Each structure stands twice: as C-alpha cells, then as structure tokens.
Amino acid sequence: MDRIVETDSIKNNMKMLDIEHVTMAYANGKIKAVDDLSFSLNRGEIFGFLGANGAGKTTTIKMATGILPVKSGNIRIAGYDITQQPIEAKRNFGFVPDSPIIFDKYTGREYVDFLGDIYGVGKQDRERVTSDLLKRFSLEDAFDKRISGYSHGMKQKIAIIGALIHSPDLWILDEPMMGLDPPAAFALKELMKEHRDAGKTVFFSTHVLDVAEKICDRVAIINKGKLILCGDMEEIKKAKGDESLEDIFMSVAGETENA
C-alpha cells in the first residue's frame, strides 16, 4: 500500500501510536483482557503504561506490535494500520519484550546484524549504533559469544540493542527493567530520555512506579483491561494534590476494584 505523504507539519502532528476502541476477549467473549481501550501517543514523549499483573498491558502491547491479531478496534503505528499494513507499521518501531526470546545459536553480533539486514541498516550506521550501545551496557566482551551463554540481563541488553539498530521513531518496551542491574537500568533510562529528546517516542509498561514518575511525560493506568486514567504526569499529580504516582496508582486502582 502507498505510504502516507508526510510534510513536516503532518509528520509532527501524526500520532505515533493510535489505539481506538480495542477489545481482546477470551473464553468465547466472557473474559476481556482488553476492554474498549483507546489512547494515543505523540511524537517526542515518554509514555508510561501502568497496571497490575493481568491488567492487560502485555496483551495490548502484543496487539500493537502485531504479535496478537486485532479483532475488535484499530491500532495504527505512524499512521499505518497494524492489521492492514503490517510491514509498513513494523518498520516504524523497535520492540523489547518482557522476556527476551532471541536466537540462542547466534552470537550477539550475528543477532544484531540479522536485525540490521531486516531493516536495511547500512554498515556504517550499524557500527555507530552498536559501538555506542555496547559501551553503555558493558557488553563489548560478550558481543562475539553465543547468546545461549548469556545471562537473562545480557539477553535483555542485546534485545535492546537489536530494537534500536534502525533508530525507530517509536520504541516499545514491555517491563524493560526486569533482569537489568543498576548500571544497565540507568543506561536504559538515559537512552529513553535521549530518544524522546530527539523527537521520537517511547512507550513502555512497568511496575516500577518511581521510574515512571521520574521519566514519563504522560501515563496511562489500566485495570482489568479498561483505561481508568490517562494524561500528563505533572497535571495528574497536581489534580491529585501532588501525591506520588504510587499513591495515585493505589488510589485509582482501589476505587476501580471497589466500584
């Protein structure tokens, strides 16, 4: 399908991720993992996606990345429908899953080169990106070793490098802090900020509310698949009497549970 013609003004105003009335149900529709969910992400922001275990975060992310089908509603990445235009949509994002499942028989270099080939990244750009990220994550010595010998944290690091090899406009991460040691977690947070400051977008789910509070521009909180709060981080805090994000989360989640 033809690409949307993007003038600078159109590109700047285009939603990087647009989720419209999306529902995902199991058990013949009796259990809704995602329930009429709608929100969108702008360019140049870090967007935190918050919720308890089983709230529907990972299901939503899997639909947004094309891993699960969108059977009800619509999801667009940079203007492309993930169902109707999957290749075009996937060119615009990099994805880090909650449990990195990568080719264990590859070395780290072979894995990153494989992704670079898929996205058509040239040798010079590939070397520039990998050199910087390997240093940040202290992974230089392991880059030419087989991934089967990596720890969980090392696999998470190589998954992050692979997701950024093509400098995507949208970076999607599902619980990215899991398995990372403090220096690596710090490096990841800095990368997320730099991505945002370059006019790109970060969409990540997390249980680490203090991290979300410190780096997010906007957040969404879901409970039982429903959106219960979405907005600017500072505006939400002011509206709630400058409470911490943890207090806000517990208050909103509690209200929903008791409703």
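(A) Molecular detail of unusual backbone geometry. With a phi angle near 55°, Ala27 is a residue other than glycine that sits in the positive phi range. Residue Ala27 is classed as partly exposed on the basis of its relative accessible area of 43%.

(B) Representation of the environment of Arg91 in the model. Turning to its location among the elements, Arg91 is positioned in the loop between α3 (86–90) and β6 (93–96). Looking at Arg91, the relative accessible area reads 55%, which means it is exposed. Between the alpha carbons of Arg91 and Leu170 there is a distance of 9.6 Å; along the sequence they are 79 residues apart. Contacts of Arg91, omitting those with residues within four sequence positions, involve Tyr119 and His166.

(C) Just the packing of helix α4 (residues 108–118) against helix α6 (residues 152–164), in detail. It is the contact of α4 with α6, at a shortest axis distance of 9 Å, that shows an interaxial angle of 25°. Classified by the angle their axes make, α4 and α6 are roughly parallel. As α4 runs across α6, the sense of the crossing is right-handed. Along the contact surface, α4 presents Gly108, Tyr111, Val112 and Leu115, while α6 presents Ile158, Ala159, Ile161 and Gly162. Residue classes in the contact of α4 with α6 are distributed as six nonpolar, two polar and no charged.

(D) Spatial organisation of the packing of aromatic side chains. Applying the stated rule across the entire model yields eight aromatic pairs. For the ring pair Phe39 and Phe203, a centre distance of 6.0 Å and an interplane angle of 50° mean the geometry is tilted. Pair noted here: Phe39 is in strand β2 (residues 31–41) and Phe203 is in strand β8 (residues 201–206), with a separation of 164 residues, a long-range link. Using a relative accessible area of 0% as the deciding quantity, one classes Phe203 as buried. With centroids separated by 5.5 Å and ring planes inclined at 85°, the aromatic side chains of Phe103 and Phe114 adopt a geometry described as edge-to-face. Remark: Phe114 occurs in helix α4 and Phe103 occurs in the loop between β6 and α4; sequence separation between them is eleven residues. Put simply, the rings of Phe39, Phe47, Phe49 and Phe203 touch in pairs and so form one group of aromatic residues.

(E) Quick peek at the sheet that holds strand β9 (residues 218–223). Across the sheet, which stays open at both edges, the six strands sit in the order β6-β7-β8-β3-β9-β10 with mixed pairing between neighbours. If you trace the sheet from one side to the other, it starts and ends with β6 and β10 (226–232), each paired once. Taking the axes of each pair of neighbouring strands and ignoring which way they run, one obtains an average angle of 15° across the sheet. Strand direction decides the pairing type here: strand β3 (residues 45–50) and β8, joined by six bridges, are parallel. What sits directly across from Phe47, in β8, is Phe203. Across the sheet, α6 lies against β6 and β7 (170–174), angled at about 170° from β6, the strand it touches most.

(F) Up close: a negative patch on the surface. Among the surface-exposed residues, Asp210, Glu234, Asp242, Glu243, Glu246 and Asp247 lie close enough to one another that they form a single negatively charged patch. Positionally, Asp210 belongs in helix α8 (residues 209–215). A relative accessible area of 43% means that Asp210 is categorised as partly exposed.

(G) Broad picture of the pattern of salt bridges. Under the criterion given, the structure shown has 18 salt bridges. With its nearest N and O atoms 3.8 Å apart, the salt bridge here joins Lys32 to Asp35. Judged by its relative accessible area of 42%, Lys32 falls in the partly exposed class. Since its relative accessible area comes to 15%, Asp35 is described here as buried. Among the charged side chains, a salt-bridge network with shared partners connects Asp18, Glu20 and Arg76.

Rules used throughout
Residues numbered from 1 in each chain as written. Predicted model: local features only at pLDDT ≥ 70, side-chain atom pairs only at ≥ 80, totals over all residues. Heavy atoms only, no water. Buried < 20%, exposed > 50% of the residue type's maximum accessible area, 1.4 Å probe, protein only. Helix = DSSP H or I, 4+ residues; strand = E, 2+ residues; numbered from the N terminus. Contact = heavy atoms within 4.5 Å. Axes fitted to C-alpha atoms, helices over the stretch in contact; angles between N-to-C directions. Parallel < 35°, antiparallel > 145°, perpendicular 65-115°, else oblique. Left-handed = near helix turned anticlockwise from the far one by under 90°. Nonpolar A, V, L, I, M, F, W, Y, C, P; charged D, E, K, R; others polar. Phe/Tyr/Trp six-rings, centres within 6.5 Å; stacked < 30°, edge-to-face > 60°. Pairing = 2+ DSSP bridges. Patch = residues over 30% accessible without salt bridge, like charges linked within 9 Å, V, L, I, M, F, W, Y side chains within 5 Å. Areas by Shrake-Rupley, 256 points an atom, 1.4 Å probe, with all protein chains shown as cover. Salt bridge = Lys/Arg side-chain N within 4 Å of Asp/Glu carboxyl O. Lys, Arg positive; Asp, Glu negative; His and termini not counted. Charge placed at Lys NZ, Arg CZ, Asp CG, Glu CD.

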